[in-house]
Amino acid sequence: TKFLEDTDLQYTIDFPDDLLKTSINPELRRNLFLVLKEALNNIIKYAKAKNITISLQLENQSYKLLVEDDGIGIEQGIINGGGNGLINMRKRMAAIHGKVNIESIIQQGTRIYFSGYFY
């Protein structure tokens, strides 16, 4: 929330109530934090969004982190080739054996899913 406080963006954060009780490997925690930060930074800089939703789902030994905005979207060539931010997100997720999936529709927004397991 501190990262978004000084913006005009409306945001919703939906994390599990028992997240603090969940044991998460420090490397996984750090990389998830950094990819979330990068995704939010990209939204603030480029998306022209008004609304952001951030949610985290934990199930058994897996997680899915979703960052969604209602901005201008990302062109397909940028999603596939990626700027430094997208490349860094992919590298960080690969380092923790996770995946990145980006869905974007021009003038409707973008969804970025980060997913993996807690090993």
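It should be noted that the structure appears before, not after, this text.
Just so we're clear, the structure is a prediction, and the values are computed from it rather than from any experiment.

Peer 1: Which residues make up the pairing of strand E5 (residues 109–117), and what values do they have?
Peer 2: Where strand E3 (residues 62–69) meets E5, eight bridges bridge the pair, whose relative direction is antiparallel. Residue Lys 64 lies in a different strand from E5, and its bridge partner there is Ser 115. Summarising the sheet, strand E4 (residues 99–105) and E5 pair through seven bridges and their orientation is antiparallel. Bridge pairing in E5 places Lys 99 opposite Ser 115. Turn length for the E4-E5 hairpin, with the two strands adjacent in sequence and antiparallel, is three residues, and the turn residue Gln 107 shows positive phi of about 65°.

Peer 1: Outline the pairing of strand E1 (residues 10–14), listing residues and values.
Peer 2: Sheet topology note: the E1/strand E2 (residues 51–59) ladder contains five bridges and is parallel. Its bridge partner lying in E2, Thr 12 is registered against Thr 53. Between E1 and its parallel partner E2, the chain crosses via helix H2 (residues 26–47), and the hand of that crossover is left-handed.

Peer 1: An account of the side chain of Asp 69 is needed here, citing residue identities and associated values.
Peer 2: Here Asp 69 shows up in strand E3. No salt bridge is formed by the buried Asp 69. Its closest oppositely charged neighbour is Arg 111, at 9.6 Å. Once you skip the residues sitting within four places of it in the chain, Asp 69 turns out to touch Ile 43, Ala 47, Ala 49, Asn 51, Ile 52, Gln 108, Gly 109 and Thr 110.

Peer 1: Describe H2, naming the residues involved and giving the relevant values.
Peer 2: The end-to-end C-alpha separation of H2 is 30 Å, in line with the 32 Å expected for 22 residues at 1.5 Å each. Within the span of H2, buried status applies to Leu 28, Asn 31, Leu 32, Val 35, Leu 36, Ala 39, Leu 40, Asn 42, Ile 43 and Ala 47. Down the axis, H2 shows its buried residues gathered within 170° of arc, on one side only. Exposed residues lying more than 90 degrees from the buried face of H2 are Pro 26, Arg 30, Phe 33 and Lys 45. In this structure, the buried side of H2 is in contact with helix H1 (2–5), E2, E3, helix H4 (84–95) and E5. The N-capping residue of H2, defined by a side-chain oxygen 2.6 Å from the backbone nitrogen of Glu 27, is Asn 25. Downstream of H2 by a residue or two, Lys 48 has a phi angle that is positive, lying close to 55°.

About the thresholds
Residues numbered from 1 in each chain as written. Predicted model: local features only at pLDDT ≥ 70, side-chain atom pairs only at ≥ 80, totals over all residues. Heavy atoms only, no water. Pairing = 2+ DSSP bridges. Helix = DSSP H or I, 4+ residues; strand = E, 2+ residues; numbered from the N terminus. Right-handed = clockwise from strand over helix to strand, strands pointing away. Buried < 20%, exposed > 50% of the residue type's maximum accessible area, 1.4 Å probe, protein only. Lys, Arg positive; Asp, Glu negative; His and termini not counted. Salt bridge = Lys/Arg side-chain N within 4 Å of Asp/Glu carboxyl O. Contact = heavy atoms within 4.5 Å. Expected span 1.5 Å × (residues − 1). Arc of directions from axis to C-beta. Polar contact = N/O pair within 3.5 Å; in protein donor to acceptor, adjacent residues only side chain to side chain.

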